[in-house]
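Here's the letter readout for the chains.
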Amino acid sequence: MQLLLESGDFLARLLQQCANGVAKGSVYALVAVGYTMVYGVLQLINFAHSDVYMLGAYFSYYPARWLGYMPDGAEKPKVPLYVLGLAFAFAVTACACTGMLIERLAYRPLRNASRLAALITAIGVSIFLQNAGQMVFTSEVKSFPRYVDQTSVPLGPIAVANTSLIIVVVAALMVGGLHLFVQRTRTGAAMRACSHDMRTARLMGVNVNATISLTFAIGSAMAAVGGMLIAMDQPRLTPTMGLLMGLKAFVAAVLGGIGSIPGAALGGLLLGVAESVVGTWNTTYADAVAFVALIVVLLVKPSGILGKAGREKV
Amino acid sequence: MLRTAGILAAGLAAAFALNLLVANAIPPYPALVINLCGISIILAVSLNVINGLTGQFSLGHAGFMAIGAYVSAYFTTTLRYFDPEAARYISQAPLLDGLWGFPLALMAGGIAAAVAGLVVGIPTLRLKGDYLAIATLGFGEIVTILLANFRQVGGTKGLTSIPGHADTFWIYGAASVCITFSLFFQRSTFGRALIAIRENELAAEVMGIGAARMKVIAFIYGAFFAGIAGGLFAHLMLSISPANFGFMKSVEVVVMLVLGGLGSMTGAVVGAVILTILPEALRDIEREVNLSGLRMALYALILILLMLFRPQGIFGQRELSLKLLRRLVPGRRKESP
Amino acid sequence: MRKALGVLALMAVALAAGCGTKIGPGFDDKEVNLGLFVSTSGEIATFGEDTKKGVELAIEEINAAGGIKGKKIKLTHYDTASKPEEGKAAATKLATQDGVFVAMGAVASGISLAAAPEFQKYGIPMISPSSTNPTVTEQGNYIFRICYLDDFQGAACAVFAMNDLKAKKAAILQNQDDAYSTGLADFFEARFKKAGGTVVAKESYKKGTTDFNTQVTNIKAKSPDVVFLPCYYNDAALIAQQCRAQGLNVPLLGGDGWESDKLVPNAKGALEGCYFGNHYAEADENARVKAFVEAYRKKYGNAPSSLAALGYDVVYVVKKAIEDAGEFDRAKVRDALAKLKGFEGVTGKFDIDERRDARKSISMLKIEGEKFKFVRQINPSEVE
C-alpha cells in the first residue's frame, strides 16, 4: 500500500515535471524558430538572435514604464489591457526592425563571403548588443509590469502558473501560424525557394533581399514575443538574459533539425521535457544528461529529428 | 625534417630570449599580456588544425582546455576540498613537486585532453558542419558541469594556490612546439590529406584517404595542445574554476581563428594576439569615460568592422613567411615545395 | 615562422617602451590613488555595478569632507568582464602602471583569487568587499576582506532554521555555477545535519536560469519545513514566486545576497513571512545606516543592496586604516588593517581577525510587507 501510494505520488510528480517541461520547452521553441528560419535561408547561426530576445523583453517593459505603470519600489498597479497591446506592438515592431537592421548592416555585406565570416560578425553583434544594452538599460535587474496577475491553476493532480499556460498557448499559435504561413502563402513559398537555392530563386523572380529581410523580421518578432512571455512568467530582465536561453534554443533548433520550423518546435519541447524529467531524479546533472541525449540523438539522426538528410552532390 | 627541427630550435631559442626580456626589461603588465597572448596562440593554432585544416567545426575547445588545466593543476597543487561529513576543508599534498614536475604535469594534462579528444572524436566526427559544432559544444558544457560537481577538484570554487610555474619560456616554448608541429603537419602528406577532407570529404575518400581516421587524429592533436594551453593557463592564473572554461571561451578561440584567416597558421597567431590585446588596449578609454559596457561594446564594433572589411580574415589562407620573403626579396630562389 | 616570433619579440619591446618598472607610491601631495576592480560588464555586471556605486558614494563623501589626511581620493577602476584573466590583467595594471596605494575588489571569488597574488607580490594591500571563498585571504598577508565567510553565514542560517524556525527537514536550492551559493549550501547542510536535522532535498540550477519549476516540484515532493535559498535577490524573487505558484508555502530562508530594495517588489508578495540574514537591519535605526541609505537613494534613486553597502564600507575601512597607520605607507596600512578592531560600518560593527577576515554578527530579518523586521542577531561565537 505504502509503495503504491508512493508510486502514485511519483506519477503525479512526473506529470508535473512534464507540464513544467512543456512550458519551458515552448519558450525554447519560440526562440529556436528564429534560429532555424535564418539558418534555413542563410546557413548562418545567428548568434545575435538571443540578444534580440533580450531586447524584446526590455521593449515590452518600457511602454508600461513610460505610461507610469512601473513606479520604482512601490506596489505595482495592475496594467490595463491597452498598455499590454501597446507593449506587445512596440516590442514586436522594434525587434523586427532591429533584426532587419542587423541583417542589413552586419550580414548582407558578407553574403558571398564564407559562412564563418558572417558567424563572427554575428558573435560581434551579440557582444555589442549585450554591452550596448548595459549602457542603455544599465545592468540593474529590472522587474516586469503586472500585465497579468500570476496565479496557480490546478489541473488534476498538478498545478501550473497561469502565465505558463499563456506561454504554451501563445507559442503553439505562433509557431503553428508561422508554419502555415511558410507552407501556404506566396511569400512563404519565396522563403522556401530562397532556402532551397538562392540563385535559382532569384532567377525565378523572387526578391531575395526582401525575402531575407522578412525572414529576419519574422524571426526577431518571434523572439520578441518569447522575451515578453518569459518576462511575464519569470520577471527578471538583465542585458545578459539571452545567453542561456540562446544556448538552449540553439540546441533545440539543431536537435529538431535546423532549418525546419516544426523541427524547432519539436526540438524545443523535447529539450524542455527532457530537462525537467531528468531533473526529477537529479537537477545537478540534468543539463549534462540533456546534452548527452542531444549527442546521442545526433549520432542516430545526424541531421536532427526532422531535418532533411544532406544529400551530397558528386 | 631537418627544417622542422631548425624551426623548432629557433622557436625555443626565441622563447628563451623572450623570457629573459620579459623577466628583466618588460614591466609586469605588458609581460602578463604577452603571456596571455602566448596561451591564446596555442589555443588558436591547435584549433586551426581541426577547424582550419580539416574543416571540422568544433565548439568544444574550452572543454579540452579545462581538462588540461585541471589535470595538470591536480598534479602540482595542494588539493583542498570540502568534506561534507567532517564539515571542513581537507588538504592533500601535491603529487608532483618542484619545477621539473611542471612539464610532466603539463604533459599529463595534454594527454588527458587528447584521450578525451579520442573518446569524443570517434563518435561525433561522423557529424558534419553545425551538427558537429553542437555536439562538441555539448561536450564542453558536460565537462564544466562535471567539474563543478566534482568535490576533489574544489567543485564550483575550483582549484586555488596553484604554483606559478608558467613563465614566458614555458608558454612560448609550448607555443613554438605547437606552431612547428602544426606547420609540419600542414606541409606533410598528412596535412594535405586533411586539407583534401576539408575541400571535399567524398572526393578525399575516393582518393583513398581514410577520412574518419584522419579527422580523429587531427581532433586528438588539437585537443592535446588545448590541454597544454589549459595547463599553462592554470599555472599562470594560479586559480581556476569551471566558470573559466565556459561556452564563450570556445567561441573566443573560433573568433581568433576566423579573424586571422581560417586555415592559416600565421593568421591564427595574429588573430590570437589581436584579440588578446584588444580588450586590454581599450582599458585606458574606459578609465577616462566612466560608462560600463563601453569597452566591450567597442571591442565588438572593432570585431564587426574587421570582419566586414576583411571577410576572408586578415591572412586569408596564406602564410606570412613565404609570401613576404618572395615579395621582399624578388631575386631569391623559390623555396622547394 | 621565425619572422612571426621576431615580430612578437619586437612587439614586446614596443610594449615595454615607455613603461616604468617601479611601482608608484600611490599618492602625491594632493591625492591618494585607490584602485577598484569589479566586473561592470558580463554576466555578473549587476553586482559589480552595485559595488562600484557604493565605492563612488563613499569617495564623494570623504572628498567633500576633506579627504584622507588632507588628500583627496582618486579612483582608478578597471572592468574585469566577469573573467579571471581580465581580473589578473586589471590587477597587474593597477599595481604596476597606476601604482595604486590600496586596491579594492573583486566581487566574485574567482576574480579576487586571480588578482590577489599580484597585489601580494608588490606589497599593495587588497581588500575584497564581497568574495566569500575562504582561500581568498590565504593568498597572502596583504589580502583582506570585509564580508562574511561562507562557513559562518551558512552555519548561522542552519542554526536559525533549527532553533528559531523549529525546522526538522530542510531543502536547499543552490546555483551550481556560483561559489557563493554552493559554499553557503555546503556549510548550511553540514551544520543542519550536525544539529540533528535532515536535508531532504538538495537541488541545483545553472546560472542564468529563470525557470525553477523542475527543482521546485522536487522540493515540494519532499515536503520540507524550510527551503534554504543561498542566492542573490534576483534569483530569490523568481524562485519564491514559482514555489508559491506550485503551492509550496513553507518559509524560505536566505543569506545576505537577498538584501535589495528590489527583493520585495520583484517577488510580488511571494516572499511575505520569509527570512534572511544580513549585515545590518534598517529597523536598527542605526544613524549611520540611515544616513547611508538616504544618501545612496538620493544619488542613485534606489536603495542600496548589500553589495553596495560593502563597497561603501570598504572605502571607509581604507580611510580608517590609513588614519590608524598615521602615514601613507603601505606596510603600515597593512598592519593597521590587520589590527582593525570594532570598525563601525554600515554593514555592522566588525573586527579583522588573524585570518584577515571580518568577524561580525549577522542580523536575521523577517520580510513583512515592504519592510524587513529585525528578528535576532547571531554572533560568531554561537555557531562555532
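For the structure, see preceding data.
Quick summary incoming for the structure in this document. Because the structure is a prediction, the values reported are computed rather than measured.

What about helix α3 (residues 81-107) of chain A?
Right, on to step 1. The terminal C-alpha atoms of α3 of chain A lie 38 Å apart, and with 27 residues this matches the ideal 39 Å at 1.5 Å per residue to within 8%.
Right, on to step 2. For α3 of chain A, the full list of buried residues reads Ala87, Ala91, Val92, Ala94, Cys95, Ala96, Thr98, Gly99, Ile102, Glu103, Ala106 and Tyr107 of chain A.

A short note on the interface of chain B and chain C
Quite often, the size of an interface is put as the accessible area lost when its parts meet.
Right, on to step 1. The interface is formed by 52 residues belonging to chain B together with 47 residues belonging to chain C.
Right, on to step 2. Contributing elements (two or more residues each) for the side of chain B that touches chain C: α1 (2-24), α2 (28-53), β1 (79-83), α6 (168-187), α11 (265-281), α12 (283-288), α13 (294-309) and α14 (320-328) of chain B.
Right, on to step 3. Of the residues forming the side of chain B that touches chain C, the biggest block, eight residues, is contributed by α1 of chain B.
Right, on to step 4. Its residues assigned to classes, the side of chain B that touches chain C comprises 31 nonpolar, 14 polar and seven charged.

Topic: the environment of isoleucine 212 of chain A
Residues and elements named next belong to chain A.
Right, on to step 1. Its location among the elements puts isoleucine 212 in helix α8 (residues 208-233).
Right, on to step 2. Taking the C-beta count within 10 Å as the criterion, isoleucine 212 has 23 such neighbours and is therefore assigned buried.
Right, on to step 3. Discounting residues that sit within four places of it in the chain, isoleucine 212 has contacts with Val41, Leu42, Glu103 and Cys194.

Quick word on the packing of helix α2 (residues 49-66) of chain A against α8 of chain A
All names here are of chain A.
Right, on to step 1. Running from N to C, α2 and α8 cross one another at 55°; their axes reach a closest spacing of 7 Å. Here α2 lies oblique to α8, going by the angle between them. Between α2 and α8 lies a crossing of right-handed hand. Within the contact between the two elements, α2 uses His49, Val52, Tyr53, Met54, Gly56, Ala57, Phe59, Ser60 and Tyr61 and α8 uses Gly219, Ser220, Ala223, Ala224, Val225, Gly226, Gly227, Met228, Ile230 and Ala231.
Right, on to step 2. Residues that form the contact of α2 with α8 fall into these classes: 12 nonpolar, seven polar and no charged.

Here's the deal with the nonpolar core
Right, on to step 1. Core analysis: the largest hydrophobic core is formed by 363 residues, its most contacted members being Ala29 and Cys95 of chain A, Ile42 of chain B together with Ala161, Val227 and Leu253 of chain C.
Right, on to step 2. When residues of this core are assigned to domains, at least three map to each of domain 1 (26-148 + 288-352) and domain 2 (150-278 + 363-383) of chain C.
Right, on to step 3. Apart from the residues within four sequence positions on either side, cysteine 95 of chain A is in contact with Val52, Leu55, Gly56, Phe59, Ser220, Ala221, Ala223 and Ala224 of chain A.

Looking at helix α5 (residues 162-184) of chain A
Right, on to step 1. Taking 1.5 Å per residue as the helical rise, α5 of chain A with its 23 residues ought to reach 33 Å, and the 32 Å between its terminal C-alpha atoms agrees with that figure.
Right, on to step 2. Residues of α5 of chain A that are buried: Thr163, Ser164, Ile167, Val168, Ala171, Met174, Val175, Leu178 and Val182 of chain A.

Section: the interface of chain A and chain C
Right, on to step 1. Across the boundary between the two partners, chain A contributes 34 residues, which contact 33 residues of chain C.
Right, on to step 2. Listed by contribution, the elements that provide at least two residues to the side of chain A that touches chain C are α1 (2-42), α4 (115-137), β2 (158-161), α9 (242-256) and α10 (261-281) of chain A.
Right, on to step 3. Of all the elements, α1 of chain A adds the most residues to the side of chain A that touches chain C, at six residues.
Right, on to step 4. When its residues are assigned to classes, the side of chain A that touches chain C shows seven nonpolar, 18 polar and nine charged.

Here's the deal with unusual backbone geometry
Right, on to step 1. For the bond from glycine 105 of chain C to alanine 106 of chain C, the omega torsion is -15°, close enough to zero to count as cis.
Right, on to step 2. You can see alanine 106 of chain C is positioned in the loop between β3 (102-105) and α4 (109-121).
Right, on to step 3. One non-glycine residue with positive phi stands out, namely glutamine 43 of chain A, at about 55°.
Right, on to step 4. Turning to its location among the elements, glutamine 43 of chain A is positioned in the loop between α1 and α2.

Section: the sheet that holds strand β11 (residues 343-345) of chain C
Residue and element names in this part refer to chain C.
Right, on to step 1. Overall, antiparallel pairing links the three strands, which are arranged β11-β12-β13 in an open sheet. One side of each edge strand has no neighbouring strand; the edge strands of this open sheet are β11 and β13 (358-359).
Right, on to step 2. Note: strand β12 (residues 348-352) against β13, two bridges, orientation antiparallel. Note that in β13 the partner of isoleucine 352 across the bridge is alanine 358.

Quick notes on the rules
Residues numbered from 1 in each chain as written. Chains lettered and ligands numbered in written order. Predicted model: local features only at pLDDT ≥ 70, side-chain atom pairs only at ≥ 80, totals over all residues. Helix = DSSP H or I, 4+ residues; strand = E, 2+ residues; numbered from the N terminus. Expected span 1.5 Å × (residues − 1). Buried ≥ 20, exposed ≤ 12 C-beta atoms within 10 Å, placed from the backbone. Contact = placed C-beta atoms within 7 Å. Nonpolar A, V, L, I, M, F, W, Y, C, P; charged D, E, K, R; others polar. Axes fitted to C-alpha atoms, helices over the stretch in contact; angles between N-to-C directions. Parallel < 35°, antiparallel > 145°, perpendicular 65-115°, else oblique. Left-handed = near helix turned anticlockwise from the far one by under 90°. Core = buried A, V, L, I, M, F, W, Y, C linked by C-beta atoms within 7 Å. Domains from an automatic or database assignment. Pairing = 2+ DSSP bridges.

Function cannot be inferred from these measures alone, as they are strictly geometric.
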